[in-house]
Amino acid sequence: MDHMITAASDYILDKMARHNCGTIHSVYRKTINISFPDGLAALQAKGSPLSPISLITSLSGEEMAALPVKAGDPVSFSPGRLCINGCCVFTLKQAVSYDLKLTKVLSQKELQILQNHICDVLSMRDAGSFELLFTNPEKALQIPFLAVAEKRLRSASESIASAKWEEGAAELCRFVGLGLGLTPGGDDFLCGVLAGFILCGQDNHPLACALRCELNSHLEDTNSISSAFLECAMEGQFSRAVNSLCSQPSPSKIFQAFSAIGHSSGTDTLCGIAYLLKNRTFLA
């Protein structure tokens, strides 16, 4: 029986089209990660948030977990389909493809509204991750990895305020691999910072260029799944949730969209955007 892939990003479909085989990287309850020579794709249960590496299926989480798939199994790609272990077939013929490249630049008024909305959203969360640096600094300092993050963030901010772009980028890159979860919060935070540059129209700013350059040499400092998302962010590829910020959604809608992304990954990404927005006056 063939299973359907209902949605995917242009980004991952283009990457997969360059290859004819891959390998199962890892299997989680609702996600099967597939590695191939220059990327990683994620087969996900229906209703999962769409990311640049997503292949959203028609299967429920329980149905995904029941598939006879394990790490190391071979995967073959052919036009319109992929096959795992010679027997588990997913068809792409009816998949809706989405362009997830973030390109829109917001006005200063829109940026201020977005900054206020994100602050409101962060105040709604208490997941024990990066949001505490913005909402409850005293509590954050009691959590070891957040205490480290606070020190590094303070140092980065001082460098940015002094226009020491390379130093600021180096300090921000010390967030790679920092934190808990499948994708460490520090990596999600950096993805948010990179999105913030685009929203502010500063994607070619010396700090943005220095950060991307520095990140390229630190991708092996975190796990391969998180590294894949950092690579996407450096290419301007972000989740539908991040792209939706361009339409100025209400705090409640932002909360709903980003809370669906992992335990704290969505919120940590918002923290990175909030940080860049807060410091955007130093980039002018």
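Note: the structure precedes this text.
### Comments concerning the overall build of the protein
Looking only at helices and strands, one finds 13 helices and nine strands in the protein. Scaling as 2.2 N^0.38, a compact globule of 284 residues should have a C-alpha radius of gyration of about 19 Å, and the protein matches this with 19 Å. Based on the C-alpha atoms only, the size of the protein along its principal axes is roughly 60 × 35 × 35 Å. Here the protein holds 284 residues, and the buried ones make up 52% of them. In the protein, 64% of the contacts between residues at least 6 apart in sequence involve partners at least 24 apart. A total of about 12500 Å² of accessible surface is found on the protein, and carbon and sulfur atoms cover 53% of it. Counting 23 positive and 27 negative side-chain charges, the protein places the centres of these two groups 4 Å from one another.

### Some points on the environment of A41
By the element assignment, A41 lies in strand β4 (residues 39-44). Along the chain, A41 and T31 lie ten residues apart, while their C-alpha atoms are 9.9 Å from each other. In this view, A41 contacts I12, M16, I32, N33, I34, F36, I53 and L55; residues no more than four positions away in its chain are not counted.

### Description of the side chain of H117
Relative to the helices and strands, H117 resides in helix α3 (residues 108-124). A relative accessible area of 19% places H117 in the buried class.

### Overview of the packing of aromatic side chains
One pass over the full model with this rule turns up six aromatic pairs. Each ring, one from F130 and one from F175, has its centre 6.0 Å from the other, and the planes form 40°; the classification is tilted. With F130 in the loop between α3 and α4 (132-135) and F175 in the loop between α7 (165-173) and α8 (185-199), this residue pair connects regions lying 45 residues apart in the sequence. When the ring of F189 is compared with that of Y275, the centres are 5.8 Å apart and the planes differ by 50°; the resulting orientation is tilted. Residue F189 is located in helix α8, and its partner Y275 is located in helix α13 (residues 265-278); the two are separated by 86 residues in the primary sequence. Here F189 and Y275 have matching classes, each one buried. Through a chain of ring-to-ring contacts, the aromatic side chains of F130, F145, F175, F189 and Y275 assemble into a single cluster.

### Re the state of the cysteines
Covalent bonding between the sulfur atoms of two cysteines defines a disulfide. Tallied over the full model, the rule gives zero disulfides. C88 takes part in no disulfide bond, and the closest cysteine sulfur to it belongs to C87, at a distance of 6.1 Å. Cysteine C213 is unpaired, with the sulfur of C173 as its nearest cysteine sulfur at 9.0 Å.

### Side note on the packing of α7 against helix α9 (residues 206-216)
Running from N to C, α7 and α9 point in directions that differ by 45°, and their axes come no closer than 8 Å. As summarised for this structure, α7 and α9 are arranged oblique, according to the angle between their axes. Crossing of α7 over α9 shows right-handed handedness. Every residue of α9 that contacts α7 at W165, E166, G168, A169, A170, L172 and C173 is listed here: P206, L207, A210, L211, E214 and L215. Looking at the contact of α7 with α9, its residues break down into ten nonpolar, one polar and two charged.

### Some points on the side chain of D187
Tracing the chain through its elements places D187 in helix α8. Buried within the structure, D187 lacks any salt-bridge partner; its nearest side chain of opposite charge belongs to R152, at an N-O separation of 9.5 Å. Separated by 2.7 Å, the side chain of D187 and the backbone nitrogen of G177 make a polar contact. Ignoring anything within four residues of it in the chain, the contact list for D187 reads F175, V176, G177, T222, S226 and L230.

### Describing the nonpolar core
Taken as a class, soluble globular proteins show a tendency for nonpolar side chains to be buried jointly. The biggest cluster of nonpolar side chains holds 58 residues, and the ones touching the most others in it are F130, L172, F189 and L211. Residue contributions to this core peak at nine residues, all from α8. Membership of the second largest hydrophobic core comes to 27 residues, among which are M16, I32, L55 and C88.

Each value, and the rule that gives it
- Residues numbered from 1 in each chain as written.
- Predicted model: local features only at pLDDT ≥ 70, side-chain atom pairs only at ≥ 80, totals over all residues.
- Heavy atoms only, no water.
- Helix = DSSP H or I, 4+ residues; strand = E, 2+ residues; numbered from the N terminus.
- Rg over C-alpha atoms; globule rule 2.2 N^0.38 Å.
- Buried < 20%, exposed > 50% of the residue type's maximum accessible area, 1.4 Å probe, protein only.
- Contact = heavy atoms within 4.5 Å.
- Areas by Shrake-Rupley, 256 points an atom, 1.4 Å probe, with all protein chains shown as cover.
- Lys, Arg positive; Asp, Glu negative; His and termini not counted.
- Charge placed at Lys NZ, Arg CZ, Asp CG, Glu CD.
- Phe/Tyr/Trp six-rings, centres within 6.5 Å; stacked < 30°, edge-to-face > 60°.
- Disulfide = S-S within 2.5 Å.
- Axes fitted to C-alpha atoms, helices over the stretch in contact; angles between N-to-C directions.
- Parallel < 35°, antiparallel > 145°, perpendicular 65-115°, else oblique.
- Left-handed = near helix turned anticlockwise from the far one by under 90°.
- Nonpolar A, V, L, I, M, F, W, Y, C, P; charged D, E, K, R; others polar.
- Salt bridge = Lys/Arg side-chain N within 4 Å of Asp/Glu carboxyl O.
- Polar contact = N/O pair within 3.5 Å; in protein donor to acceptor, adjacent residues only side chain to side chain.
- Core = buried A, V, L, I, M, F, W, Y, C linked by side-chain atoms within 4.5 Å.

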